[in-house]
Amino acid sequence: MDLPPYSPGLHKLVTLHVDETHKLTDSNGFVAVTHLILEKYSLEKVGVVVHNFENDSFTISFCLKESHICIHTWPEYNQLTLDVYLCNYLQDNSQKVKDVMADYVAYFEGTIIKDFEINR
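Described in the following lines is the structure provided in the data block. (Residues numbered from 1 in each chain as written. Predicted model: local features only at pLDDT ≥ 70, side-chain atom pairs only at ≥ 80, totals over all residues. Heavy atoms only, no water.)

**Digging into the packing of helix H1 (residues 27-40) against helix H2 (residues 94-108)**
It is the contact of H1 with H2, at a shortest axis distance of 11 Å, that shows an interaxial angle of 145°. In this structure, the crossing between H1 and H2 has a hand that is right-handed. Two secondary-structure elements touch here, H1 through Gly29, Phe30, Val33, Thr34, Ile37 and Lys40 and H2 through Val100, Asp103, Tyr104, Tyr107 and Phe108. (Axes fitted to C-alpha atoms, helices over the stretch in contact; angles between N-to-C directions. Helix = DSSP H or I, 4+ residues; strand = E, 2+ residues; numbered from the N terminus. Left-handed = near helix turned anticlockwise from the far one by under 90°. Contact = heavy atoms within 4.5 Å.)

**A word on the pairing of strand E1 (residues 10-17)**
Burial analysis of E1 places six of its eight residues in the buried class, which makes it a mostly covered element. Two strands pair when backbone bridges link them, and E1 and strand E5 (residues 79-86) are joined in this way by eight bridges, in the antiparallel orientation. Bridged to Lys12 within E5 is Val84. Alignment of E1 against strand E6 (residues 111-119), held across eight bridges, turns out to be antiparallel. Residue pairing across strands places Leu13 opposite Phe116, the latter belonging to E6. (Buried < 20%, exposed > 50% of the residue type's maximum accessible area, 1.4 Å probe, protein only. Pairing = 2+ DSSP bridges.)

The structure is reproduced here in structure tokens:
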């Protein structure tokens, strides 16, 4: 069987500082913007889990056909961590991962504190 060379994809993890703390407590807003991002980049949602904490911070995980998008917010520290991984053995999604992350940084109007890229 002839298969194309396999490159599992890019895994990007960032920590953001966010001045607008209401965005760090608006899980519905994050879900809505994620649905727009999924449509924009033709990504397929398999499932989503949302957990809101007592202080209105949230943890959300989108399971995608292409892998996942996960977020954890800490409004008391004006921070969030975001994890985007898109894999596909038929194409390189590295630029798509970078673009998706850039859309989230713009949504949160965040400042990047930490930025890691792992080529899987």
